[in-house]
Amino acid sequence: MQLNDLRPAEGSRKNRKRVGRGNGSGRGTTAGRGTKGQLSRSGGGKGAGFEGGQTPLAMRLPKLPGFRNPNRTEYQPVNVSRLDALFNDGDTVDSAALVEKGVIKHDYELVKVLGDGDLTKKLTVKVDKVSASAKAKIEAAGGKVEAAC
């Protein structure tokens, strides 16, 4: 026996039903769709998700999860360890200095100093916001925190 001798069992494979190929086939004229009505038309029937005229579930649910506050204030985070690495003892840290060092892109961006890492240098920090832990570390190193101009 060879591969080309293999055949499926008798009656296990049916021929495709060819509708609309003349009345002699038994599936001519209306092609098995009956007479008139929505289901007899091409493209007829209700689409997937149709709920009888009720607003479908897919339309009742929100498009995206969560809530985006349009008035949210976005701050650029900068850790004290980064300030320690980039600035010298006695320097003033403000938006212009941070742009110059490449920490932020624009001087109009709001900056918040966060307390991750250690600070060994005495710095004067003039930014929009400073976290409590960052303020404690700046003052412990002999620096001071001032309000941004």
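Heads up: these notes are all about the structure in this document. (Residues numbered from 1 in each chain as written. Predicted model: local features only at pLDDT ≥ 70, side-chain atom pairs only at ≥ 80, totals over all residues. Heavy atoms only, no water.)

**Considering the overall build of the protein**
Right, so step 1: The helix and strand inventory of the protein stands at four helices and six strands.
Right, so step 2: When the helices and strands of the protein are placed in sequence order, the string is α-β-α-β-α-β-β-β-α-β.
Right, so step 3: Counting over 149 residues, the protein shows a buried share of 17%.
Right, so step 4: Of the accessible surface of the protein, which amounts to about 11,800 Å², a share of 48% is contributed by carbon and sulfur atoms.
Right, so step 5: Of the side chains in the protein, 27 bear a positive and 16 a negative charge, and the two mean positions are spaced by 25 Å. (Helix = DSSP H or I, 4+ residues; strand = E, 2+ residues; numbered from the N terminus. Buried < 20%, exposed > 50% of the residue type's maximum accessible area, 1.4 Å probe, protein only. Areas by Shrake-Rupley, 256 points an atom, 1.4 Å probe, with all protein chains shown as cover. Lys, Arg positive; Asp, Glu negative; His and termini not counted. Charge placed at Lys NZ, Arg CZ, Asp CG, Glu CD.)

**A short note on the pattern of salt bridges**
Right, so step 1: If you walk through the whole model with that rule in mind, you get four salt bridges.
Right, so step 2: Close ionic contact of K126 with E146 constitutes a salt bridge, the shortest N to O distance being 3.5 Å. Of this pair, K126 sits in strand β4 (residues 124-127) while E146 sits in strand β6 (residues 144-147); the two residues are 20 residues apart in sequence, bridging distant segments of the chain.
Right, so step 3: The shortest N-O distance in the salt bridge between K144 and E146 comes to 3.5 Å.
Right, so step 4: Judged by its relative accessible area of 28%, E146 falls in the partly exposed class.
Right, so step 5: Several salt bridges converge on common partners, so that one network encompasses K126, K144 and E146. (Salt bridge = Lys/Arg side-chain N within 4 Å of Asp/Glu carboxyl O.)

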